[in-house]
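The residues making up each chain are set out below.
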Amino acid sequence: MSRWGRKNVKKAPEVIRTVTEGLKSLYCKTLLPLEQYYGFHDFHSPSLEDADFDNKPMVLVVGQYSTGKTTFIKYLLEQDIPGSRVGPEPTTDCFTAIMHGDVEGVIPGNALIVDPNKPFRKLNPFGNTFLNRFQCAQMPNQVLESISIIDTPGILSGAKQRVSRGERGDKGYDFPAVLRWFAERVDRIILLFDAHKLEISDEFSEAIGALKGNEDKLRVVLNKADMVSTQQLMRVYGALMWSLGKVFGTPEVLRVYIGSFWSEPLLVPDNRRLFELEEEDLFADIQNLPRNAALRKLNDLVKRARLVRVHAHIISYLKQEMPSVFRKDNKKKNLIYQLPVIFTKIQLQHNISAGDFPDCAKMQEQLMAHDFSKFKTLKPNLMAALDDLLSSDIAKLMPLLRQEELEAGDQPGVQGGAFLGGRVGPFTEGDPFAEENGEGCEEEEDWVVTKDKPKYDEIFYNLAPNEGKLSGTKAKDWMVSTRLPNSVLGRIWKLSDVDRDGMLDDEEFALASHLIEVKLDGHGLPPELPSRLIPPSKRRQKGSDA
């Protein structure tokens, strides 16, 4: 083809199949060039990579030490986390990304940030002190197939915090800045409080301040609420709401979920029903994260674009005000001092909302280290492209977003772990008994429950079974008396109701009683019923069905 022919060939329009693809394209073509031109990454967050758009939804768990953060995660997963330890003292001393993997293992921070398939490459600027306290725990778990979870170090107070994490000038790492980095990228932030430890230290208040701008992602959990009576819980809840109002400084009331998020018996069972309802609400919120992931990414990109626009106006204004030759240092100091006034001028001149502006004090501190003569003035074509992105390009993705939401509506969301337990057998409304295909087992293998069956039979017949079977209601009343959480009892029911008829015969009841004792002794429950636990009569039934 001739040179003249090539000139008239029009480039085919880019076909966007998913919202994520569209956001990635808009960022790379429109937003990233503007960020690089005005040095956005030197003042705010690093540039985004493909992994930031493609990764699973993430949940960030934050709280003071010994509020039950790691135990909360373990409760969700119903599985021990590789390399973790739980105790009353500060046991978690590093950031741990808990992600799905075919084999259990721990990846250290320095190896983690070079993996292009994980969204942590931009953590490199925080240095070795942080990377030595950052790791990824990989494990095969159904919950982690849909989401990833970030466990954080317990926030200490005063000198303890400084000794543990160091100061920026003392070869340490900036803890609030790391929190802010994660907060900008996660889909949900769980802020945990202990019912016995409501005070908000200066360090904890600073950490909460790092979450500013991400209040829409924030969920507050009042944990260990089973350790106080109903009257005390009412006072604790009121005190927590008062403290949160002071820290966040907003008239809106934050939603606080009350409960005891671990798989041990409730110490004070008076509020059991309240804890069940609160847990259902919180779990439903987390379960919906995969469905809402595209919307969250779109929302975060719009927030970032608005901040980039403000940043460009600030940098160009400072550049224009600088003298060309003399008294540059004095003018720089004067401009930094007058930054609040400059913010107001830009706000009025360009009709920009005050909520789009960055923290003034922080930016004044950052500007001290920059040479204003190297700043750039406004580039009309870049700013016009940004305005198009905010006004029309994002809007074009909305029909595709609605289509994805409709398709995702039929998907179950996060599955596995504690998300199954409270919704099985008599532990849910409507008694939905899902059919499952059991694995075959060896009929001749001894049943481990046999030795204790006479003891369980006595309880079984005292509960007045009808035609040799206990209804779900009767069985539930007895099982609840053990004070184990509904999510645990639901899993025990699912394992014990082998024939899926919604009732328990004497063997199934003995199996349920055995599993309850196993759980009360501090052991875990199997994901599926092993052959040695399947009641003998059910083995024969399975054999004939086969």
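Just so you know, these numbers come straight off a predicted model, no measurement behind them.

Draft legend 1. Highlighting the overall build of the chain. A count of helices and strands for the chain gives 24 helices and 10 strands. Taking all 546 residues of the chain together, 49% fall into the buried category. Long-range pairs, those at least 24 residues apart, make up 79% of the contacts in the chain with a sequence separation of at least 6. As presented, the chain carries roughly 27000 Å² of accessible surface, and 50% of it is formed by carbon and sulfur atoms.

Draft legend 2. Spatial organisation of the packing of aromatic side chains. For the structure shown, the criterion picks out 24 aromatic pairs. Of the aromatic side chains, those joined through ring pairs into one cluster are Phe95, Phe120, Phe126, Phe130, Phe134, Tyr173, Phe175, Trp181 and Phe182. Over the ring of Tyr65 we find Lys197, and its NZ or CZ is 4.0 Å from the ring centre. A cation sits over an aromatic face here: Arg255 above Tyr257, 4.2 Å from the ring centre.

Draft legend 3. Molecular detail of the confidence of the model for the chain. Across the chain, the average pLDDT comes to 82, with 86% of residues at 70 or higher. Across residues 159-164 the pLDDT falls below 50, and counting only partners more than four positions away or on other chains, this stretch makes eight contacts in the model. Taken as a whole, residues 429-443 scores under 50 in pLDDT and shows 25 contacts with residues more than four places along the chain or in a different chain.

Draft legend 4. Structural context of the environment of Glu21. Note on placement: Glu21 falls in helix α2 (residues 19-37). The exposure class assigned to Glu21 is partly exposed, which follows from its relative accessible area of 33%. The sequence separation of Glu21 and Asp50 amounts to 29 residues, and the corresponding C-alpha distance is 9.6 Å.

Draft legend 5. Representation of the pattern of salt bridges. Counted by the stated rule, this structure contains 28 salt bridges. Residue Asp457 is joined to Lys453 by a salt bridge in which the shortest nitrogen-to-oxygen separation is 2.9 Å. With Asp457 and Lys453 both in helix α20 (residues 453-462), this residue pair falls four residues apart, about one helical turn. Each of the salt bridges in this network shares a partner with another, and the network as a whole consists of Asp187, Asp216, Lys217, Arg296, Asp300 and Lys303.

Draft legend 6. Here's a closer look at the packing of α20 against helix α23 (residues 506-520). Their axes nearest at 9 Å, the elements α20 and α23 cross at an angle of 110°. As the angle between them shows, α20 and α23 are arranged roughly perpendicular. The handedness of the crossing between α20 and α23 is right-handed. Of the residues in α23, those in contact with Lys453, Lys455, Tyr456, Asp457, Ile459, Phe460 and Tyr461 of α20 are Asp506, Glu507, Phe509, Ala510, Ser513, His514 and Glu517. Within the contact of α20 with α23, the residues separate by chemical class into six nonpolar, two polar and six charged.

Draft legend 7. View of the nonpolar core. Phe95, Phe120, Phe134, Phe182 and Leu222 are the most contacted members of the largest nonpolar core, which has 50 residues in total. Core analysis: the second largest hydrophobic core is formed by 45 residues, Leu23, Leu48, Ile352 and Leu400 among them.

Draft legend 8. Main features of the environment of Ser263. By secondary structure assignment, the location of Ser263 is in the loop between β8 (256-258) and α12 (272-287). Separated by 188 residues in the primary sequence, Ser263 and Tyr75 place their C-alpha atoms 6.5 Å from one another. When neighbours within four sequence positions are excluded, Ser263 is seen to be in contact with Tyr75, Leu484, Pro485, Val488 and Lys519. Looking at Ser263, its side chain comes within polar contact range of the side chain of Lys519, at 3.3 Å.

Draft legend 9. Seen up close, the packing of helix α15 (residues 339-350) against helix α16 (residues 360-367). Two numbers describe how α15 lies on α16: the axes approach to 10 Å, and their chain directions differ by 115°. Put simply, α15 runs roughly perpendicular to α16. Where α15 crosses over α16, the two elements pack in a sense that is right-handed. Taken together, the residues of α16 that come into contact with α15 (itself represented by Leu339, Pro340 and Phe343) are Cys360, Met363, Gln364 and Leu367. Residues of the contact of α15 with α16, tallied by class, amount to six nonpolar, one polar and no charged.

Draft legend 10. Here's a closer look at the pairing of strand β2 (residues 95-100). Extensive coverage of β2 is indicated by the burial of five of its six residues. For β2 and strand β4 (residues 134-139), the ladder comprises six bridges, and the chain directions are parallel. Bridging from a neighbouring strand, Thr96 pairs with Gln135 of β4. Both β2 and strand β5 (residues 148-151) contribute to a ladder of three bridges, which runs antiparallel. By the bridge assignment, Ala97 is partnered in β5 with Ile150.

Draft legend 11. View of unusual backbone geometry. Here the phi dihedral of Glu78 falls at roughly 55°; this positive angle occurs in a residue that is not glycine. As for its position among the elements, Glu78 is in the loop between α5 (69-77) and β2.

Draft legend 12. Fine view of the sheet that holds β5. The mixed open sheet is built from eight strands, whose spatial order is β3-β4-β2-β5-β1-β6-β7-β8. Edge positions in the sheet fall to β3 (105-108) and β8, since each of these pairs with one other strand and no more. If you compare each strand with its neighbour and ignore which way they point, the axes differ by 25° on average. With six bridges connecting them, strand β6 (residues 188-194) and strand β7 (residues 218-223) associate as parallel partners. By the bridge assignment, Ile190 is partnered in β7 with Arg219. Its contacts with the sheet put helix α9 (residues 175-185) on β1 (58-63), β2, β4, β5 and β6, and the angle it makes with β1 is roughly 145°. Against the sheet, α12 touches β6, β7 and β8, its axis set at about 130° to β8.

Draft legend 13. Summary view of α16. Listing the buried residues of α16 in full gives Cys360, Met363, Gln366 and Leu367. Each buried residue of α16 lies within a common arc of 120° when the element is viewed along its axis, so the set occupies one face. For α16, the exposed residues set more than 90 degrees away from the buried face come down to Ala361 and Glu365. Looking at the buried residues of α16, the elements they touch are α3 (40-43), α13 (293-321), α14 (328-337) and α15.

Draft legend 14. Seen up close, a nonpolar patch on the surface. A surface patch of nonpolar side chains, about 260 Å² in accessible area, is lined by Met227, Trp262 and Leu267. Looking at the element boundaries, Trp262 is found in the loop between β8 and α12.

Definitions and cut-offs
Along each chain, residue indices are assigned from 1 in the same order as the chain's sequence is written. In view of the model being predicted, local features appear only for residues whose pLDDT reaches at least 70, and side-chain atom pairs are presented and counted only at 80 or more, with totals across whole chains, interfaces and linings using the full set of residues. Calculated side-chain values reflect all of the structure's heavy atoms, with hydrogen atoms and water omitted. Each helix corresponds to a stretch of at least 4 residues labelled H or I by DSSP, and each strand to a stretch of at least 2 residues labelled E; elements are numbered beginning at the N terminus. Three labels apply to residues, based on accessible area from a 1.4 Å probe with only protein chains included: buried if under 20% of the type maximum, exposed if over 50%, partly exposed otherwise in between. In what follows, a contact means two residues having at least one pair of non-hydrogen atoms within 4.5 Å. A 1.4 Å probe and the Shrake-Rupley method give the accessible areas. Residues count as covered only by the protein chains that appear here. Stacked, edge-to-face and tilted labels apply to pairs of Phe, Tyr and Trp rings (six-membered ring for Trp) whose centres lie within 6.5 Å, assigned for plane angles under 30 degrees, over 60, and everything in between, in that order. Throughout this description, the term charge over a ring refers to an Arg CZ or Lys NZ atom that lies within 6 Å of the ring centre and within 35 degrees of the ring normal. The predictor attaches a confidence to each residue, and that confidence, scored 0 to 100, is pLDDT. Any Lys or Arg side-chain nitrogen located within 4 Å of an Asp or Glu carboxyl oxygen qualifies as a salt bridge. Only the stretch in contact is used when a helix axis is fitted, and all axes are lines through C-alpha atoms; the angle between N-to-C directions ranges over 0 to 180 degrees. Comment on the angle field: the value is read as roughly parallel under 35 degrees, roughly antiparallel over 145, roughly perpendicular from 65 to 115, and oblique elsewhere. Crossings are sorted by hand: turned counterclockwise from the far helix by less than a right angle, the near helix makes the crossing left-handed, and turned clockwise it makes it right-handed. Under this grouping Gly is polar, as are all residues other than the nonpolar Ala, Val, Leu, Ile, Met, Phe, Trp, Tyr, Cys and Pro and the charged Asp, Glu, Lys and Arg. Nonpolar core, defined: a set of buried Ala, Val, Leu, Ile, Met, Phe, Trp, Tyr and Cys residues in which side-chain atoms within 4.5 Å join the residues together. Contacts described as polar in this section are N or O atom pairs within 3.5 Å, which, within protein, must combine one atom able to donate a hydrogen with one able to accept it, while residues neighboring in sequence count only if both atoms come from side chains. The pairing criterion for strands is at least two bridges between them, as found by DSSP. This arc is taken over the directions from the axis of the helix to the C-beta atoms. Exposure above 30% relative accessible area and the absence of a salt bridge qualify a residue for a patch, where like charges join within 9 Å and nonpolar side chains (Val, Leu, Ile, Met, Phe, Trp, Tyr) within 5 Å.

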